[in-house]
Amino acid sequence: EFRSASRIASIGVSKILMIGARAAARKREGRPVIVLGAGEPDFDTPENIKEAAKAAIDRGETKYTALDGSPELKKAVAEKFRRENGVDYAVDEITVATGAKQILFNAFMASLDAGDEVIIPTPYWTSYSDIIEVCGGVPVLIPCDAASGFRLTADRLEKAITPKTKWVLLNSPSNPSGAAYGEADYRPLLDVLLRHPHVWLMVDDMYEHIVYDDFDFVTPVALEPALKSRTLTINGVSKAYAMTGWRIGYAGGPKALIKAMAVIQSQATSCPSSVSQAAAVEALNGPQDFLAERQASFRRRRDLVVSALNKIDGIECRVPEGAFYTFASCKGMIGRTAPDGKRIESDTDFTDYLLETVDVAVVPGSAFGLSTYFRISYATSEAELTEALSRIAAASAALA
Ligand code: PLP
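Once a new chain begins, its residue numbering starts again from 1 and follows that chain's sequence as written. With the structure being a predicted model, the display of local features is reserved for residues of pLDDT at least 70 and the display and counting of side-chain atom pairs for 80 or more, all residues being used for whole-chain, interface and lining totals.

Q: I keep staring at the overall build of the protein chain and nothing clicks. Help me out?
A: By the criteria applied, helices consist of DSSP H or I runs no shorter than four residues and strands consist of E runs no shorter than two, each listed in order from the N terminus. For the protein chain, the count of helices and strands is 13 helices and 12 strands. Taken over the C-alpha trace, the protein chain has a radius of gyration of 21 Å; the compact-globule value for 400 residues is 21 Å, and the two agree within 12%. When its C-alpha atoms are laid out on the principal axes, the protein chain stretches across 60 × 55 × 50 Å. Taken over 400 residues, the protein chain has a buried fraction of 49%. Our contact criterion uses C-beta atoms placed from the backbone: two residues qualify when those atoms are within 7 Å. Within the protein chain, counting contacts between residues at least 6 apart in sequence, those at least 24 apart form 72% of the total. Computation of the radius of gyration draws on C-alpha atoms alone. For the globule rule, the value is 2.2 Å times the number of residues to the power 0.38. Residue burial is a threshold on neighbouring C-beta atoms within 10 Å of the residue's own C-beta, all placed from the backbone, with 20 or more meaning buried, 12 or fewer meaning exposed, and counts in between meaning partly exposed.

Encoded structure:
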């Protein structure tokens, strides 16, 4: 009989995947299910990027590459950091992996000893805590609700720091809340970190290119160069360039950390896919104008979803600065009763009710460590969003 290792004992199958499986089962029964759960853009990878991959195959770039990124891709990443973020990383301060997820995994494997703590503002992308636990670390979750704009504040950070704190992990714009940290939000946090030299900063900038209105994206190292020697700046091509399946993520950080991460990677994957790296070079070096078009399309969808949600009695939705998620409160639904007599006691009850009565799949806030909310991913067509929101409104109105 198979017995799993104790290191994965506390890690269950992701709630998001479970909801996806239930939605898929209902679809197979022929029901008109709308899934607003996907964490990936519905756009296709741009043509020039696909062509670059084909050309790489034809040139014979089908072998192992350098361990943590081809020289061409590292150079493109260094130029990206300089051009878009105003940050100078040398080529040996850059690492490339099989998605930002593997960057996180390499970084925690390379840096955490048993019991080391990682501070994470909540709601958060749940892979963070699962990866940290696999690596022997302890996630320290700090609730940051809608009233605080889903953002960590300096006093909460200060209070959470202990001698065991290894990292603070910030994600802006955030999955699942869409909240982002501008310069004024970051400054007080960076000042706290300056006072605690044993604490390192990990920033996940995956959604950098999906921001709205006049929001000015900024990355901490650009604001506070004194923290560069203990910051890992993570980014990737998955979300910006609609390249989730190509599996390329990258990061900039101090040389010693980057080297330690390469040690982990050398025994995990040997290197990222050669063909995907060639595609990522084109993504970073090629034309960037389609980003603005896609951003405009995401913004229309955001506005559609937020305004429809706020018209529903019992739901309140803050306007997110970025990413393609809304994280609305459904606190007003708690205590109401469904037509079949079942009482809504939690955000999971509410999202189950939506799936079971109107075939709309969304994810409860508890899946991201913060109730009473639910996440909608609006990376889908406006027609589908309109239909889904009208079903959510009807189902909500049927609660008494
Ligand atoms: N970081 C955040 C906040 C994400 O939401 C995701 C994907 O959902 C990732 C990182 C992982 O991206 P990648 O496809 O590069 O592994």
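That shown, we press on.
Q: Any chance you could explain unusual backbone geometry here in plain terms?
A: Excluding glycine, residues mostly carry a negative phi; peptide bonds, for their part, are mostly trans. Of note, the amide linkage connecting Ser172 to Pro173 takes the cis form, showing an omega dihedral of -15°. Here Pro173 lies in the loop between β5 (165-171) and α7 (183-194). Backbone torsion omega between Ser371 and Thr372 reads 0°, so that peptide bond is classified as cis. Topologically, Thr372 is positioned in the loop between β11 (363-364) and β12 (373-377). Positive phi, close to 60°, is recorded for Arg247, a residue that is not glycine. Looking at the element boundaries, Arg247 is found in the loop between β7 (231-236) and β8 (249-252). C-beta crowding within 10 Å serves as the criterion here: with 20 such atoms nearby, Arg247 is assigned to the buried category.

Q: Would you mind showing me how to read the site of the ligand here?
A: Neighbouring the ligand are 13 residues, the closest being Gly99, Ala100, Lys101, Asn175 and Ser238. Residue composition of the shell around the ligand, by class: 3 nonpolar, 8 polar and 2 charged. In this analysis, residues qualify as near a molecule or strand once their C-beta atom, positioned from backbone atoms, comes within 6 Å of it. Any residue that is not Ala, Val, Leu, Ile, Met, Phe, Trp, Tyr, Cys, Pro, Asp, Glu, Lys or Arg is counted as polar, Gly included; the first ten are nonpolar and the last four charged.

Q: What's the story with the pairing of strand β2 (residues 94-97) in this structure? I'm lost.
A: Sheet faces and side chains relate simply in a regular strand, where the side chains alternate between the two faces. Residues Ile94 and Val96 point to one face of β2 and Thr95 and Ala97 to the other, with burial holding for every one of them. Think of it this way: DSSP has to see at least two bridges between two strands before they count as a pair. Bridging between β2 and β8 involves 4 bridges; their strand directions are antiparallel. Bridge pairing links Thr95 to Ala251 in β8.

Q: Is there a simple way to explain the domain arrangement of the protein chain in this structure?
A: Interfaces are often sized by the accessible area lost when the parts come together. Start and end positions for the domains come from either an automated domain assignment or a database one. You can read the domains of the protein chain as domain 1 (6-44 + 290-397) and domain 2 (51-285). Centre-to-centre separation of domain 1 and domain 2, based on C-alpha positions: 26 Å. Broken down by class, the residue content of the side of domain 1 that touches domain 2 amounts to 14 nonpolar, 9 polar and 8 charged.

Q: Hey, could you run me through the packing of helix α4 (residues 100-111) against helix α5 (residues 127-134) in this one?
A: Pairs of packed helices are described in terms of their axes, by the angle between the two and the distance that separates them. Packing of α4 against α5 leaves a shortest axis separation of 9 Å and a crossing angle of 35°. Helix-helix and strand crossings are classified by hand; for α4 and α5 the assignment is right-handed. Where α4 abuts α5, its residues Lys101, Leu104, Phe105 and Phe108 lie against Ser127, Ile131 and Ile132. Across the contact of α4 with α5, the residue classes tally to 5 nonpolar, 1 polar and 1 charged. Axes here mean lines fitted to C-alpha atoms, for a helix over just the part in contact, with angles spanning 0 to 180 degrees between N-to-C directions. Two helices cross in a left-handed way if the nearer one is turned anticlockwise from the farther one by less than a right angle. They cross in a right-handed way if the turn is clockwise.

Q: What's the story with the sheet that holds β12 in this structure? I'm lost.
A: In a beta sheet, neighbouring strands are held together by backbone hydrogen bonds and run either parallel or antiparallel to one another. Strand order across the open sheet formed by 3 strands is β9-β12-β11, with antiparallel pairing between neighbours. On the outer flanks of this sheet lie β9 (325-329) and β11, each paired with one strand and no other. Alignment of β9 against β12, held across 5 bridges, turns out to be antiparallel. What sits directly across from Phe327, in β12, is Arg375.

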